Amino acid sequence: MNFYNKYILPKLVNYDMSDKNFGKERSAVVENASGVVLEVGFGSGLNIPFYKNISKLYGLDPSSELYKIANERIKEANFPIEHIKASAENIPLPNDSVDTITSTWSMCTIPDPKLALKEMLRVLKPGGKFMFIEHGASPKKAIENLQKIFTPITKPFTGGCHMDRKIDELITNAGFEIISMKNSGEKYKPLYYLYKGVAVKNI
Ligand SMILES: C[S@@+](CC[C@H](N)C(=O)[O-])C[C@H]1O[C@@H](n2cnc3c(N)ncnc32)[C@H](O)[C@@H]1O
């Protein structure tokens, strides 16, 4: 891992993702999580204050650097948190073992989101919910074309972030059923089209 990715990027991710406007979105996504929860792309633990009714949180992320930053937030939590230093493409948990999965702005960065979502479906209990807020491809062709142009340019500085993934298609193609979803184009960041919703693993 190069110097930028090890020492600078984690601090930038924590700073950027701490945006107050993101906080409101986070609470709406994770406050309904319940039971044993797997958070994919746990990052610096910014969702911790917004969980309301959970018995345990697995924070899965390959980045030890971000997990170190998460430590202060972990100490404040009133539920147990276990760090899983692993990639979502290979989740070290048994089949049908978690009640809820959450992911906030992580599907853009995971190198193989198709494989990651298959793994997430495997570990989620039948009837369990996957709650997400992600950014991805815009339905406006002109914006999507710009997203395709800018993704390879910005990826090396953003930890591998893709702006042009069709998040709903990825989730559905993995075998989840999306039961609610809201989309919004971001006013100030037009290349960051949002997908916020809940998907279920059918019984
Ligand atoms: C933009 S950050 C979002 C962090 C956090 N979810 C949040 O909302 O603040 C993307 C996260 O995806 C994580 N990530 C990258 N590759 C991953 C993988 N293969 N599996 C799981 N997480 C991954 C990164 O380490 C980082 O924490």
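Heads up: the structure comes first, above all this text.
Model, not experiment: these values are computed from the prediction.

### Details of the site of the ligand
Step number 1: By nearness alone, 21 residues border the ligand, and M17, G41, G43, S87 and A88 come closest of all.
Step number 2: Class assignment of the residues belonging to the shell around the ligand gives a composition of 11 nonpolar, eight polar and two charged.

### Remarks on the nonpolar core
Step number 1: If you look at the biggest cluster of nonpolar residues, it comprises 41 residues, and the most contacted ones within it are L38, V40, L60, A88, I101, M120 and F130.
Step number 2: Here this core takes five residues from strand β5 (residues 124-136), the largest share from any one element.

### Observations regarding the pairing of β5
Step number 1: Burial within β5 is extensive, with 10 of its 13 residues counted as buried.
Step number 2: For β5 and strand β7 (residues 193-200), the ladder comprises eight bridges, and the chain directions are antiparallel. Residue pairing in the sheet places K129 in a bridge with V200 of β7.

### What about helix α2 (residues 20-30)?
Step number 1: Of all the residues in α2, the buried ones are R26, V29 and V30. Along the axis of α2, the buried residues cluster in a sector spanning 75°; they form a single face. In α2, the exposed positions angled more than 90 degrees off the buried face are occupied by K20, N21 and K24.
Step number 2: Where the residues of α2 are buried, they touch β4 (98-104), β5 and β7.

### Details of the environment of N145
Step number 1: Looking at the element boundaries, N145 is found in helix α5 (residues 141-154).
Step number 2: The class of N145 is exposed, set by 12 C-beta atoms lying within 10 Å.

### Brief notes about the sheet that holds strand β6 (residues 177-184)
Step number 1: The seven strands lie next to each other as β3-β2-β1-β4-β5-β7-β6, forming an open sheet whose pairing is mixed. If you trace the sheet from one side to the other, it starts and ends with β3 (81-84) and β6, each paired once. Averaged over neighbouring strand pairs, the angle between their axes works out to 15° when direction is ignored.
Step number 2: Packing against the sheet, α2 makes contact with β4, β5 and β7, and its axis sits at approximately 165° to β5.

### Concerning unusual backbone geometry
Step number 1: Although it is not a glycine, D96 sits at a positive phi angle of roughly 50°.
Step number 2: You can see D96 is positioned in the loop between β3 and β4.
Step number 3: Its 13 C-beta neighbours within 10 Å are what place D96 among the partly exposed residues.
Step number 4: Even without being glycine, W105 reaches a positive phi, approximately 55°.
Step number 5: Along the polypeptide, W105 turns up in the loop between β4 and α4 (113-123).
Step number 6: For W105, a count of 22 C-beta atoms within 10 Å gives the class buried.

### Focus on the environment of E76
Step number 1: Residue position: E76 is located in helix α3 (residues 64-76).
Step number 2: For E76, a count of 9 C-beta atoms within 10 Å corresponds to the exposed category.
Step number 3: Between the C-alpha atom of E76 and that of I48, which follows or precedes it by 28 residues, the distance is 8.6 Å.

Analysis parameters
- Residues numbered from 1 in each chain as written.
- Predicted model: local features only at pLDDT ≥ 70, side-chain atom pairs only at ≥ 80, totals over all residues.
- Near = placed C-beta within 6 Å.
- Nonpolar A, V, L, I, M, F, W, Y, C, P; charged D, E, K, R; others polar.
- Core = buried A, V, L, I, M, F, W, Y, C linked by C-beta atoms within 7 Å.
- Buried ≥ 20, exposed ≤ 12 C-beta atoms within 10 Å, placed from the backbone.
- Helix = DSSP H or I, 4+ residues; strand = E, 2+ residues; numbered from the N terminus.
- Pairing = 2+ DSSP bridges.
- Arc of directions from axis to C-beta.
- Contact = placed C-beta atoms within 7 Å.
- Axes fitted to C-alpha atoms, helices over the stretch in contact; angles between N-to-C directions.

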